[in-house]
Amino acid sequence: MKARTVAAAVIVALLAVALVPCAMDDSDAASTANIGDNKASYTFDSRDGGSITFTIENEGSAFTINVTVKNSSGSTVGSASDVAIAATSTTTVTVNMSGFTSVGTHNVTVNIEVASGSASLNATSFSTQIVVNQNILTNWVTYVVLIVIIIVIAVLVYLRIRDSPKNKTEMTFEQLEEQRKAEMAAKSDKKKAKEPAPTTERQRYLANKKKKE
């Protein structure tokens, strides 16, 4: 009887020991998340800014995070709140930084914290570099050059239109003289056509005689 009791106790103890690691493994699997794919640098421009992206590989249940980006002075230059991290999958996180338009190279720190749910991150921050290039549309010199080009084109068009009458074919002195004589002859013929034909003395005599009869 005593041997059976001891054997039963041993079996219960062995089952308990076997179940504890399983429970611990399930707990760990539900809370482990790894941050990866952190780019060495990001390219922004002075007009539209840019964005920072990274991935979180989640091995457990879903949770949400808050992300803040701080510059070397500790000022917040970008953030994203309540970003959903899907369960047992890899999620790409994007932090929009359209207002970050200061030209130059900037070192920033990305901070991640769990907002809701239960998760254990392999890292809560990482450092990266942002390079902000000059956008041609934000440079005032570009607009000055465009205005100058427009003015030059307008002046050239005006001069071409103004000088266009001078482009007529030039005539020699002989051609001008012939043209003048032809115009005078045309005027003379036109004048003669309007004048009545001259009346002869005989026609006048016959006309008077006819009247007397």
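Since the model is a prediction, treat every value here as computed from it, not as a measurement.

> What is the right way to read the overall build of the protein from this model?
The helix and strand tally for the protein stands at four helices and nine strands. When the accessible surface of the protein is split by element, carbon and sulfur atoms take 58% of a total near 15800 Å².

> What exactly am I supposed to notice about a nonpolar patch on the surface here?
Side chains of V145, L146, I149, I153, V157 and I161 sit close together on the surface and give an oily, nonpolar patch of about 540 Å² of accessible area. Position of V145 relative to the elements: it lies in helix α2 (residues 140–163).

> I tried to follow the packing of aromatic side chains on my own but got confused; where do I start?
Aromatic rings considered in pairs are described by the distance between their centres and by the relative angle of their planes. Following the criterion strictly, the structure yields two aromatic pairs and no others. Taken together, a centroid distance of 6.0 Å and an interplanar angle of 80 degrees make the contact between F44 and F100 edge-to-face. Of this pair, F44 sits in strand β2 (residues 41–45) while F100 sits in the loop between β6 (89–97) and β7 (104–116), and the two are 56 residues apart along the sequence. Take F44 and F100: they sit in the same class, and that class is buried. Ring geometry for F54 versus F126: centroids 5.4 Å apart, planes at 75 degrees, classification edge-to-face. Here F54, found in strand β3 (residues 50–58), pairs with F126, found in strand β9 (residues 125–133); they are 72 residues apart in sequence, far enough to count as distant. Each member of the pair, F54 together with F126, is buried.

> Sorry, what's going on with the nonpolar core here?
The nonpolar side chains of a soluble globular protein tend to be buried, and buried together. Counting 25 residues, the largest nonpolar core has I52, F54, I56, I65 and I130 as its most contacted members. What I56 contacts, discounting residues up to four positions off in sequence, is A33, N34, I35, F63, I65, I85, S89, T90, T91 and V93.

> Looking at this model, I keep getting lost on the environment of T109. Mind explaining?
Within the element layout of this structure, T109 appears in strand β7. Look at T109 and you get partly exposed, because its relative accessible area is 27%. Note: C-alpha distance between T109 and V77 (32 residues apart in sequence) is 9.9 Å. Beyond its immediate stretch of four places on either side in the chain, T109 contacts T68, V69, K70, S125, F126 and S127.

> Would you take a moment to explain unusual backbone geometry for this structure?
The bulk of non-glycine residues show a negative phi, and the bulk of peptide bonds are trans. We note that D82 has phi near 50 degrees; this positive angle belongs to a residue other than glycine. Looking at D82, the relative accessible area reads 56%, which means it is exposed. One non-glycine residue with positive phi stands out, namely T88, at about 40 degrees. By secondary structure assignment, the location of T88 is in the loop between β5 (76–85) and β6. Given the relative accessible area of 59%, T88 is considered exposed.

> Help me out: how do you make sense of the sheet that holds β5 in this one?
Strand pairing in a sheet relies on backbone hydrogen bonds. The paired strands run either parallel or antiparallel. Read across the sheet, five strands follow the order β2-β9-β7-β4-β5 without closing on themselves; strand pairing throughout is mixed. At either end of the open sheet lies a strand with only one pairing partner, and these are β2 and β5. Adjacent strand axes in the sheet meet at a mean angle of 30 degrees when their direction is disregarded. Sheet analysis places strand β4 (residues 63–70) next to β7, joined by seven bridges and oriented antiparallel. By the bridge assignment for β7, T64 is matched with S116.

> Help me understand the sheet that holds strand β1 (residues 32–36) in this model?
Strand order in the open sheet formed by four strands is β6-β3-β1-β8, with mixed pairing between adjacent strands. Each edge of the open sheet is held by one strand with a lone partner, namely β6 and β8 (120–121). Relative to β8, β1 runs parallel, the two being bridged by two bridges. Residue A33 lies in a different strand from β8, and its bridge partner there is L121.

So, how was this worked out
Residues numbered from 1 in each chain as written. Predicted model: local features only at pLDDT ≥ 70, side-chain atom pairs only at ≥ 80, totals over all residues. Heavy atoms only, no water. Helix = DSSP H or I, 4+ residues; strand = E, 2+ residues; numbered from the N terminus. Areas by Shrake-Rupley, 256 points an atom, 1.4 Å probe, with all protein chains shown as cover. Patch = residues over 30% accessible without salt bridge, like charges linked within 9 Å, V, L, I, M, F, W, Y side chains within 5 Å. Salt bridge = Lys/Arg side-chain N within 4 Å of Asp/Glu carboxyl O. Phe/Tyr/Trp six-rings, centres within 6.5 Å; stacked < 30°, edge-to-face > 60°. Buried < 20%, exposed > 50% of the residue type's maximum accessible area, 1.4 Å probe, protein only. Core = buried A, V, L, I, M, F, W, Y, C linked by side-chain atoms within 4.5 Å. Contact = heavy atoms within 4.5 Å. Pairing = 2+ DSSP bridges. Axes fitted to C-alpha atoms, helices over the stretch in contact; angles between N-to-C directions.

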